[in-house]
Every structure is written in C-alpha cells, then in structure tokens.
Amino acid sequence: MTRLLVLDGPGVAYGAILKRGFQLSTSDGKVVSGVYSFWKTLKGVVARHAPTHVAVAWDAPRSTYERRRWFPGYKQDRPHAPDESIGWQLATIRELVEH
C-alpha cells in the first residue's frame, strides 16, 4: 500500500528554528539548532508513520495571498527573528530535504 506523507516545510522549519531551550552551533559559530530539530522531527514522523513517499511543501518564492490587504494585522504581534541565522538555517533545511 502506498502511503504519502506531506510535510509543511516552512511551518516545521520555523517552529524548529524558533524553538527555545537549547542552542547547537558549528565549530565556526553557525547556529544549527533549527536544522537539527527539523531533521529530528522529520525522522520521527517518518519512523512513526512509515510512508512509502515523502513530500515537503514550501511556500512560493513570491506572495500568493493577499493576507496583508485582507487583514492588515497579519503577523503584527509575531516576535521578530532572534538573529540572522534564520535565513542560513532555512536554506540548509531546504537543501537537506531536496537531496
């Protein structure tokens, strides 16, 4: 039987990156806690559900919704990113799942 697992890439990635509690970094100081947490989450979901296929969905490179026009307060109260490592970690996570 074919079992497809579809994962919300940005949702899980941002959750992993912004997770508090521990911080892992490389020997040159790059923060990799989010990459580790994402990978651990993905491996756990795959182990738990044993899919035959896995797809990770990502947002389009441009805005496809007009949420800000419909709801000007969208993300207004969301805390700002804690540091500049978010972009690097997102790129690394995407690279991991694409290979």
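Check the entry above for the structure.
Let us look at the structure shown here. (Residues numbered from 1 in each chain as written. Predicted model: local features only at pLDDT ≥ 70, side-chain atom pairs only at ≥ 80, totals over all residues. Heavy atoms only, no water.)

1. Regarding the overall build of the protein
As a reminder, the rule being used: Counting from the N terminus, the helices are the DSSP runs of H or I reaching at least four residues and the strands are the DSSP runs of E reaching at least two. The rule is simple: take the accessible area with a 1.4 Å probe, protein chains only, and divide by the maximum for that residue type; under 20% is buried, over 50% is exposed, in between is partly exposed. Whether two residues are in contact is decided by their heavy atoms, any of which lying within 4.5 Å being enough. Where accessible areas are quoted, they stem from the Shrake-Rupley method and a 1.4 Å probe; at the residue level, only the protein chains shown are allowed to cover.
Across its full length, the protein carries 4 helices and 2 strands. Across the protein, helices and strands are ordered from the amino to the carboxyl terminus as β-α-α-β-α-α. With 99 residues in all, the protein has 22% of them scored as buried. For the protein, restricting intrachain contacts to residue pairs at least 6 apart in sequence, the fraction spanning at least 24 positions comes to 75%. Looking at the protein as shown, the accessible area adds up to about 7,600 Å², and 54% of this sits on carbon and sulfur atoms.

2. Quick notes on a nonpolar patch on the surface
What counts is decided by this rule: In this scheme, patches are assembled from residues that exceed 30% relative accessible area and form no salt bridge. Like charges are connected within 9 Å, while nonpolar side chains (Val, Leu, Ile, Met, Phe, Trp, Tyr) are connected within 5 Å. Salt bridge, as applied in this entry: a Lys or Arg side-chain nitrogen positioned within 4 Å of an Asp or Glu carboxyl oxygen.
Together, F22, L24 and Y36 make up an exposed nonpolar region whose accessible area comes to about 260 Å². In this fold, L24 is placed in the loop between α1 (9-18) and α2 (33-49).

3. Comments concerning the pattern of salt bridges
Applying the stated rule across the entire model yields 1 salt bridge. Between R94 and E98 there is a salt bridge, with its nearest N and O atoms 3.8 Å apart. On the criterion of helical spacing, the pair formed by R94 and E98 is a turn pair, its members being 4 residues apart in helix α4 (residues 85-98). Of the residues examined, R94 reaches a relative accessible area of 33% and is grouped as partly exposed. Given a relative accessible area of 53%, E98 falls into the exposed group.

4. Comments concerning α2
The test is simple: Expected span of a helix, by definition, is 1.5 Å for each gap between consecutive residues, and there is one gap fewer than residues.
Under the 1.5 Å per step criterion, the end-to-end length of α2 is 24 Å for 17 residues, consistent within 8% with the ideal 24 Å. When α2 is considered as a whole, its buried residues turn out to be S33, G34, V35, S37, F38, L42 and V45. Looking at the packing, one finds that the buried side of α2 touches β1 (4-8), α1, β2 (53-57) and α4. Of the residues trailing α2, A50 is marked for its positive phi of about 45°.

5. Re the packing of α1 against α2
Note the following rule: Axis definition: a line fitted to C-alpha atoms, over the contacting stretch in the case of helices. Angles run 0 to 180 degrees between N-to-C directions. Between 65 and 115 degrees an angle is taken as roughly perpendicular, under 35 as roughly parallel, over 145 as roughly antiparallel, and anywhere else as oblique. Crossing handedness follows the turn of the near helix against the far one: under a right angle anticlockwise gives a left-handed crossing, and clockwise gives a right-handed one. When residues are sorted by character, Ala, Val, Leu, Ile, Met, Phe, Trp, Tyr, Cys and Pro go into the nonpolar class, Asp, Glu, Lys and Arg into the charged class, and all the rest, Gly among them, into the polar class.
Where α1 contacts α2, the two axes come as close as 7 Å, and the packing angle between them is 130°. The orientation of α1 relative to α2 falls into the category oblique. In this structure, α1 meets α2 at a crossing whose hand is right-handed. Of the residues in α2, those touching α1 at G9, V12, A13, A16 and I17 are G34, S37, F38 and T41. Here the contact of α1 with α2 is composed, by residue class, of 5 nonpolar, 4 polar and no charged.

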